[in-house]
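Results of the structural survey
Each chain, written out:
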Amino acid sequence: MTDTFTLDTDIALIGCGRLGSALVEGWLATPGFKADRLKIIEQYETSATDQAKAAGATINPSPEQMKGVGILVLAIKPAVWREALQPFADVIPEDAVVASVMAGVRLDDIRKAVGGRPVARLMPTTAVAQRQGVAGLYSPDQKARDVATALFEGMADVVPLEAEDLLDPATGVAGSAPAFVYAFIQALARAGEAEGLKPDAAVRLARGALRSAAAGVSGGQSLEDAIERIASKGGTTRAGLDALEVDGGAARAATAAVSAAVAKARDLSR
Ligand SMILES: NC(=O)C1=CN([C@@H]2O[C@H](COP(=O)(O)OP(=O)(O)OC[C@H]3O[C@@H](n4cnc5c(N)ncnc54)[C@H](OP(=O)(O)O)[C@@H]3O)[C@@H](O)[C@H]2O)C=CC1
Ligand SMILES: O=C(O)[C@@H]1CCC=N1
């Protein structure tokens with residue numbers, strides 16, 4: 001990750017929903033990001049478009065205002081990407097790069113729709129909003145990789161992938177995975193309630209555990225070391241970990257969630 005925004009070009013974003021808003025928040029929070037170079041195409045105003053507009057961004061630019069765009073970001077749902085992109089495919093400069101964060105939409109299909117311009121695909125997490133995201137990145141094109149990396153590295157750890165198909169497991173392990181972790185935290189809170197905690201205390205403790213778990217690896221510690229630091233010999237953590245491993249419980253749940261996400265991503269690309 002970098003501390004400052006280094007990409008020196010106009011940026012256009014199509015779609016300012018859940019992920020698009022997170023991207024806008026992350027860019028606006030990155031030192032050196034020039035909001036007056038951001039163009040957002042979105043059907044409705046959102047708090048992110050309002051925030052971006054107040055900082056100098058253009059909402060729903062004219063074709064003329066798209067002429068300096070060096071990177072066009074696609075953050076719409078896979079089902080509507082062709083109709084959302086179509087009005088802009090010929091308006092952006094010949095040498096513009098296209099970056100897609102859409103799950104399951106194939107790079108070749110996007111490249112054909114934008115007249116052969118270089119395309120990168122990324123799979124980020126919404127924590128880009130807090131500049132704490134992670135993003136898998138694939139492109140066969142060096143310029144697209146460089147531009148897309150510069151666009152994201154102020155708000156995410158950009159993880160290069162060697163093949164497009166690897167974006168599907170990256171979706172299961174990163175893009176979708178914060179929701180899987182929240183589901184586990186919810187289950188922890190409910191288990192605490194079953195053991196007698198009041199609901200608000202259970203949720204507060206479980207959320208604190210999530211924060212503590214993230215803090216415990218924030219310095220790059222290995223997951224194994226982080227586990228060992230908590231698991232006192234013969235203590236409660238070891239008892240809990242042993243229970244998690246009975247019949248491969250935790251691994252089986254993680255495998256089921258990742259496999260289902262991968263299968264869905266493959267389904268979307270058909
Ligand atoms: N949410 C996440 O955590 C992640 C999402 N993604 C990917 O990001 C993409 C967007 O997902 P998400 O943000 O969750 O979805 P959302 O539905 O929240 O966002 C999509 C946005 O695009 C808008 N939109 C639809 N059609 C057009 C159009 N023609 N022109 C401009 N804007 C349009 C939608 O408006 P309206 O609601 O009015 O239709 C909506 O605001 C998906 O492809 C998904 O795979 C990737 C990683 C993580
Ligand atoms: O749920 C989805 O399809 C998107 C992709 C990854 C996270 N959200």
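Each chain carries its own residue numbering, running from 1 in the direction its sequence is written. To read the labels, note that chains go from A and ligands from 1, taken in the order they are written. Confidence filtering applies because this is a predicted model: local features only for residues at pLDDT of at least 70, side-chain atom pairs given and counted only at 80 or more, and all residues used for totals across whole chains, interfaces and linings. For side-chain calculations, the full set of non-hydrogen atoms in the structure is used, while hydrogens and water are omitted.

Observations regarding the environment of Ile41
Going by this rule: Helix numbers and strand numbers start at the N terminus; a helix is a DSSP run of H or I with at least 4 residues, a strand a run of E with at least 2. Whether two residues are in contact is decided by their heavy atoms, any of which lying within 4.5 Å being enough.
Assignment of secondary structure puts Ile41 in strand S2 (residues 38–41). Here the alpha-carbon distance between Ile41 and Gly15, two residues 26 residues apart in the chain, equals 6.1 Å. Beyond its immediate chain neighbours, meaning those up to four positions away, Ile41 contacts Ala12, Leu13, Ile14, Gly15, Asn60, Pro61, Met66 and Phe88.

Describing the site of ligand 2
This is how it is decided: Residues are labelled near a given molecule or strand when at least one of their non-hydrogen atoms is within 4 Å of it. Note on areas: Shrake-Rupley, 1.4 Å probe, and residue coverage restricted to the protein chains presented here. Here the term cavity refers to a set of points on a 1 Å grid, laid over the protein atoms alone, in which a 1.4 Å probe fits but cannot get out; the term pocket refers to an open set having protein on both sides within 12 Å along at least five of seven lines, with lining residues being those that place an atom within 4 Å of a point. Grid points define the cavity or pocket, and a molecule sits in it when more than half of its atoms lie within 2 Å of them.
Lining the immediate environment of ligand 2, one finds Thr171, Gly175 and Ser176. If ligand 2 stood free it would expose 250 Å²; the protein chains cover 43% of that surface. Comparing atom positions with the cavity grids shows ligand 2 to sit within the second largest pocket.

Side note on unusual backbone geometry
Most peptide bonds are trans, and most residues other than glycine sit at a negative phi. Our working definition: Burial classification: accessible surface area is computed with a 1.4 Å probe over protein chains only, and a residue below 20% of its type maximum counts as buried, one above 50% as exposed, and the rest as partly exposed.
Backbone geometry at Asn60 places phi at a positive 50°, although glycine is not the residue there. In this structure, Asn60 sits in the loop between strand S3 (58–59) and strand S4 (69–74). For Arg131, which is not glycine, the phi torsion reads 60° and is therefore positive. Turning to its location among the elements, Arg131 is positioned in the loop between strand S6 (119–124) and strand S7 (133–138). Classification of Arg131 as partly exposed rests on a relative accessible area of 23%.

A few points about the environment of Thr237
What counts is decided by this rule: Pairing of N or O atoms within 3.5 Å defines a polar contact, subject to two protein rules: one partner must be a possible hydrogen donor and the other a possible acceptor, and residues neighboring in sequence count only if both atoms are side-chain atoms.
Looking at the element boundaries, Thr237 is found in helix H10 (residues 236–245). In this structure the C-alpha to C-alpha distance between Thr237 and Ile227, which are 10 residues apart in sequence, comes to 8.9 Å. In this structure, Thr237 is in contact with Ile230 and Ala231, ignoring residues within four places of it in sequence. A distance of 3.4 Å separates a polar side-chain atom of Thr237 from the backbone oxygen of Ile230.

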